[in-house]
Amino acid sequence: MENTINIKLKVWRQAGPKAKGRFETFELKNISTDSSFLEMLDILNEQLINKGEEPVAFDHDCREGICGMCSLYINGRPHGPDDDVTTCQLHMRKFKDGQTITIEPWRSAGFPVIKDLIVDRGAFDKIIAAGGYVSVNTGGVPDANALPIPKPNADEAMDAASCIGCGACVAACKNGSAMLFVSAKVSQLALLPQGKVEGARRAKNMVAKMDELGFGNCTNTGACEVECPKGISLANIARLNREFLSAKAQD
Amino acid sequence: MVKIDAKIPEGPLADKWKNYKNNQKLVNPANKRKLDIIVVGTGLAGASAAASFGEMGFNVKTFTIQDSPRRAHSIAAQGGINAAKNYPNDGDSIYRLFYDTVKGGDYRAREANVHRLAEVSNSIIDQCVAQGVPFAREYGGLLDNRSFGGAQVSRTFYAKGQTGQQLLLGAYQALMRQVNEGNVELHTRNEMVEIVMVDGKARGIISRNLVTGKLERHFAHAVVLATGGYGNTFFLSTNAMGSNGSAAMKAYKKGAMFANPCFAQIHPTCIPVHGEFQSKLTLMSESLRNDGRIWVPKKKEDAEAIRAGKLKPTEIAEEDRDYYLERRYPAFGNLVPRDVASRAAKERCDAGFGVGTTGLAVYLDFKSAIDRLGRDAIEARYGNLFQMYEKIVDDNPYETPMMIYPAIHYTMGGIWVDYELQTSVPGLFAAGEANFSDHGANRLGASALMQGLADGYFVLPYTIQNYLADDIATPRMTTEEKEFEEAENAAKGRFEKLMSINGEKSVDSLHKELGLVMWDFVGMARNKEGLQEAIEKIQAIKKEFWSNVRIPGSTGGMNVELEKASRLADFIEIGELMARDALHREESCGGHFREEYQTEEGEALRQDDKFAYSGCWAYKGEDQEPELNKEELTFDVVKLVQRNYK
Ligand SMILES: Cc1cc2nc3c(=O)[nH]c(=O)nc-3n(C[C@H](O)[C@H](O)[C@H](O)COP(=O)(O)OP(=O)(O)OC[C@H]3O[C@@H](n4cnc5c(N)ncnc54)[C@H](O)[C@@H]3O)c2cc1C
Ligand code: SF4
Ligand code: FES
């Protein structure tokens, strides 16, 4: 019952952050269409190791679309041709026999390459550190049910909070902007009374950090929303802008 | 054998934690600034501990192998987190949560620890809500609860099917706030590879920077390991690819005992294995068992026809289906604890009633729930899980039942800790899944998240002070000291040895060999001969590994294969320890099922007179047999009975 395909891979290889990169071509035979994209890369790596060559380095961990560790720019799309999935959830049934598949790292000034397909997304941590939290210490907080929160707000906050920090939005954006990522966190917290208190300050600090770290401006192209594996909506950017303006007004 | 002192405080069970806190030593604010703590791991346990230590004023360094603390394996937890809030007013209480956890763990956990866990559970929910964790709510604006495997009350809080994600992001954000304030130093893509001991105390670590390949030295007055579980010993598991047991093994070799290694949990609802290239198994949240009904065909010929692709599950008439959990356990039905549900699935499949192409699968069917509640309600509850299933299997679970099979999921065993979460090495603490503490022989659903956050937010911040209070006069050491140099050299020697083997087999191929041995002999059902055979096989794999593994590249720079090899070397030793522990424990309890010890109906049969203890293994040197020590368990409050979910 199993279907298999033969494919050709064009993979970005780069020995280190400063090294010059290039594409390398590989052929893979009899890949089961039930295998995931990363399992296909495992098979490639097993073959490379058996030949005594260095395997292709790529990021991954949970392999179920939640940790945000996997990346890959596949045939010109972050996380590849399937919609609403991360690369680790992509399956080979989305590809055709004989197809050439081009695999590149995220390309953006904010995410320098470390090795082959692995990039440094430490900038996202720095943006969160700039204000992506509610400033409470452990202990001494009110009962969880002390403050009712309308279900629609809680649900909307949950949707924004689904961002996995993968960086596909940045990779998809011609300006290399991180607005969708930043806005998701700002929105989640602004929608909840616990986070509302610091809403304006948070927006200002996170946006300032994003600018400082070399991410581009948002010109509302919407490419980020299309490629986001978690369906984070552009409406969050509008909410971020409102918070940001109110911060400016308070200055 | 050494005498084990768990340092359980005096007083009645319900007062022990209060008494402890009232009498413990504290560190004043000026002294806190002079004390350094290393937290290895940034999952729920590590991130919550590191953030809390930072807020208290300690100097914290934290380490993670991923590129960000937010990616720790905790992120993947789906179902929820327990607490004894009793918001639904269905009769829950701290006592009941405590009791359920001890019973669920098949009476192999320490009463005092479990009671403390239940006590602090409510504070966790308060804390998370204050951080902006978007838990599910009802229309009235208050928090929603659901019931979860093994409980008759609804005490599970959840955030869609992404509870672990939201809790971890809450802890991560608290951690990043401390990074911003300069109290926590964050080291990502940085793996602890050795513990540094000075005068019998843990005083730091050697880590490997996974980007540059360089070894680094870090000093601290105390070290916390929050490095997760060792389920990946089995190669295929629901754990993330990077989850590993290496930090626990480093601690073990420095004198920390490893307790109950054989207590591993097999989760009943995972997507079945489909091919040899498979890299991991995906969990389908247990919450699905609230509305899904588990069945296999009643007739063997139907099962055979399904396996051959000649019959569809939807074509099997109602009366020809065997809802075996509802049949065997009418009181709990599809909600029996995980070990019971897993073994029941194996029993049906071994008897020839399994479905799927391999015959190693059972159905989880939502048809009656959809008929009763409507598709929209089911979609609201499980939409993302259904989508995930469809993406992987290419089948629509709204129309045809899901297929599931048990898989390794969680390890109850781990580094032995006392009541203070201190290991048998002074100054070395262990938290979260990495320690063995609270779940006995079986963990209840939604209790790992609770334990990780309890350890990190509400236990360690107290107990570590009790230790550090005696250390306020200990100055910071320079890492030029000989102990650091020796530890670094040991780590360096090990990596060089690995690189020099230059054999024929890839790391993954050897890991798969280990995984098969584990699954076949140390998996869901174990017996004496099988375990003895497993030990021999694992020792052979160890030999093969150290003489024939092939690792391309060099020790300098990023080398993923070298990282994997180093972890596999430790998994091999954990595997052997699991088999030894399973062999010695001549009883069945929780996740440990010995075929020789079962009731006539095939239920687990404990031997309380002989095995009501935690088996704590001490390292005795390379190629020496480890020594078994026993922490006797005394039950002052709970009465031991055979678990009964009928
Ligand atoms: C798919 C899935 C679903 C689950 N669902 C639930 C659920 O619904 N409810 C529930 O209660 N539990 C659930 N669990 C269990 C629960 O998620 C885990 O037990 C828990 O999250 C473990 O947290 P932790 O902090 O102990 O470790 P982890 O989250 O595993 O974190 C380990 C950390 O240690 C780091 N680390 C490891 N080794 C080293 C080293 N040598 N050096 C430096 N850093 C290191 C890692 O980078 C990571 O940061 C689930 C588990 C799985 C697999
Ligand atoms: S907004 Fe979407 S694409 Fe961007 S980091 Fe978050 S999940 Fe990834
Ligand atoms: S590996 Fe975790 S999201 Fe892809």
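Residues numbered from 1 in each chain as written. Chains lettered and ligands numbered in written order. Predicted model: local features only at pLDDT ≥ 70, side-chain atom pairs only at ≥ 80, totals over all residues. Heavy atoms only, no water.

Considerations on the site of ligand 2
For clarity, the cut-off: Working definition: residue near molecule or strand if any one of its non-hydrogen atoms lies within 4 Å of it. Note that Gly is not counted as nonpolar here; it falls among the polar residues with everything else outside the nonpolar set of Ala, Val, Leu, Ile, Met, Phe, Trp, Tyr, Cys and Pro and the charged set of Asp, Glu, Lys and Arg.
Ligand 2 sits among F124(A), C163(A), I164(A), G165(A), C166(A), G167(A), A168(A), C169(A), L180(A), C228(A), P229(A) and I232(A). A class-by-class count of the residues in the shell around ligand 2 yields 10 nonpolar, 2 polar and no charged.

Concerning the UniProt feature "active site" (unreviewed entry) in chain B
Residue and element names in this part refer to chain B. Where we set the bar: UniProt positions are given in the numbering used here, feature names are shortened, and annotations may be inferred rather than shown by experiment. The helix count covers DSSP runs of H or I at least four residues long, the strand count covers runs of E at least two residues long, and both are numbered beginning at the N terminus. Whether two residues are in contact is decided by their heavy atoms, any of which lying within 4.5 Å being enough. As used in this structure description, the phrase polar contact means that two N or O atoms lie within 3.5 Å; if the pair is within protein, one of them must be able to donate a hydrogen and the other to accept it, and residues adjacent in sequence are counted only when both atoms belong to side chains.
As annotated in UniProt, the feature "active site" (unreviewed entry) corresponds to R338 in the numbering used here. Looking at the element boundaries, R338 is found in helix α10 (residues 338-353). Not counting the four nearest positions on each side in its chain, R338 is found in contact with F148, Q265, I266, H267, P268, E286, R289, H409, R443, G445 and A446. In terms of polar contacts, R338 uses its side chain to reach the side chain of E286, at 2.4 Å.

A look at the site of ligand 1
Threshold: Each accessible area is a Shrake-Rupley result for a 1.4 Å probe, and residues are judged covered by the shown protein chains and nothing else.
Residues in contact with ligand 1 amount to 38 residues; listed here are only the nearest, Q66(B), S74(B), M192(B), E433(B) and L449(B). Bordering ligand 1 are residues originating from chains A and B. Within the side chain of T64(B), one N or O atom sits 2.9 Å away from an oxygen atom of ligand 1. Within the backbone of A448(B), an N or O atom sits 2.9 Å from an oxygen atom of ligand 1. Contact with the protein chains removes 98% of the 1,000 Å² of surface that ligand 1 exposes when unbound. Elements with a contribution of two residues or more to the shell around ligand 1: α3 (44-56), β6 (190-198), β15 (402-411) and α13 (448-468) of chain B. For the shell around ligand 1, the element with the most residues is β6(B), which contributes 3 residues. Per-class residue counts for the shell around ligand 1 are 15 nonpolar, 19 polar and 4 charged.

A word on the interface of chain B and chain A
Using the following cut-off: By definition, the buried area sums, over both parts, the 1.4 Å-probe accessible area that each loses when the two are put together. Whenever Lys or Arg places a side-chain nitrogen within 4 Å of a carboxyl oxygen from Asp or Glu, that contact is recorded as a salt bridge.
Contacts between the two partners involve 75 residues from chain B, matched on the other side by 74 residues from chain A. Of the roughly 6,200 Å² buried between chain B and chain A, counting both surfaces, carbon and sulfur atoms make up 53%. Taken together, the connections running from chain B to chain A amount to 7 salt bridges. With a closest N to O distance of 2.9 Å, D59(A) and R189(B) form a salt bridge. At the boundary of chain B with chain A, the tally comes to 48 residue pairs in polar contact (both at pLDDT 80 or more).

Thoughts on the domain arrangement of chain B
Residue and element names in this part refer to chain B. Definition in use: Start and end points for every domain follow an automatic or database-based domain assignment.
Annotation of chain B at the domain level lists domain 1 (267-408) and domain 2 (489-632). Between the C-alpha centres of domain 1 and domain 2 there is a distance of 31 Å. Counting residues at the interface gives 12 residues for domain 1 and 10 residues for domain 2. For the pair domain 1 and domain 2, the summed buried area comes to about 810 Å², and 59% of that belongs to carbon and sulfur atoms. Summed over the three residues of domain 1 that lose the most area to domain 2, namely D339, R343 and K346, the buried surface amounts to 51% of that side. Note that R328 is salt-bridged to E603, the shortest N-O span being 3.4 Å.

Focus: the side chain of R203(B)
Residues and elements named next belong to chain B. With respect to the helices and strands, the residue R203 is situated in strand β7 (residues 201-209). A polar atom in the side chain of R203 sits 3.1 Å from the backbone oxygen of H221. Here D471 takes part through its side chain, which lies 2.6 Å from a polar atom of the side chain of R203.

Structural notes on the packing of helix α5 (residues 179-190) of chain A against helix α7 (residues 199-212) of chain A
All names here are of chain A. The line we're drawing: Structural elements are reduced to axes, namely lines fitted to C-alpha atoms, with helices fitted over the stretch in contact, and the angle between N-to-C directions of any two is expressed from 0 to 180 degrees. Orientation categories follow fixed angle ranges, with anything under 35 degrees roughly parallel, anything over 145 roughly antiparallel, 65 to 115 roughly perpendicular, and all other angles oblique. We call a crossing left-handed when the near helix sits turned anticlockwise from the far one by less than a right angle, and right-handed when that turn is clockwise.
Put simply, α5 and α7 touch, their axes get as near as 10 Å, and they point 165° apart. The angle between α5 and α7 falls in the class roughly antiparallel. Regarding α5 and α7, the two cross each other, and that crossing is right-handed. Each of M179, V182, K185, V186, L189 and A190 in α5 lies in contact with α7, whose residues at this interface are R202, A203, M206, V207 and M210. The class makeup of the residues in the contact of α5 with α7 is 9 nonpolar, no polar and 2 charged.

A few points about the environment of G556(B)
All names here are of chain B. Where we set the bar: Burial classification: accessible surface area is computed with a 1.4 Å probe over protein chains only, and a residue below 20% of its type maximum counts as buried, one above 50% as exposed, and the rest as partly exposed.
Considering the arrangement of structural elements, one finds G556 in the loop between α16 (528-548) and α17 (560-584). For G556, a relative accessible area of 42% corresponds to the partly exposed category. Distance in space between the C-alpha atoms of G556 and A604 is 50 Å, their sequence separation being 48 residues.

With respect to the sheet that holds strand β14 (residues 362-365) of chain B
Residue and element names in this part refer to chain B. Put simply, the rule reads: Any two strands with at least two DSSP bridges between them are considered paired.
As summarised here, the arrangement of the 5 strands in space is β11-β15-β14-β12-β13, forming an open sheet in which the pairing is antiparallel. Lying at the two open borders of the sheet, with one neighbouring strand each, are β11 (264-270) and β13 (321-322). Direction of pairing for strand β12 (residues 293-297) relative to β14: antiparallel, over a ladder of 3 bridges. Bridge pairing in β14 places I294 opposite L364. The sheet contacts of α10 involve β11, β12, β13, β14 and β15, and relative to β11 the element is tilted by about 65°.

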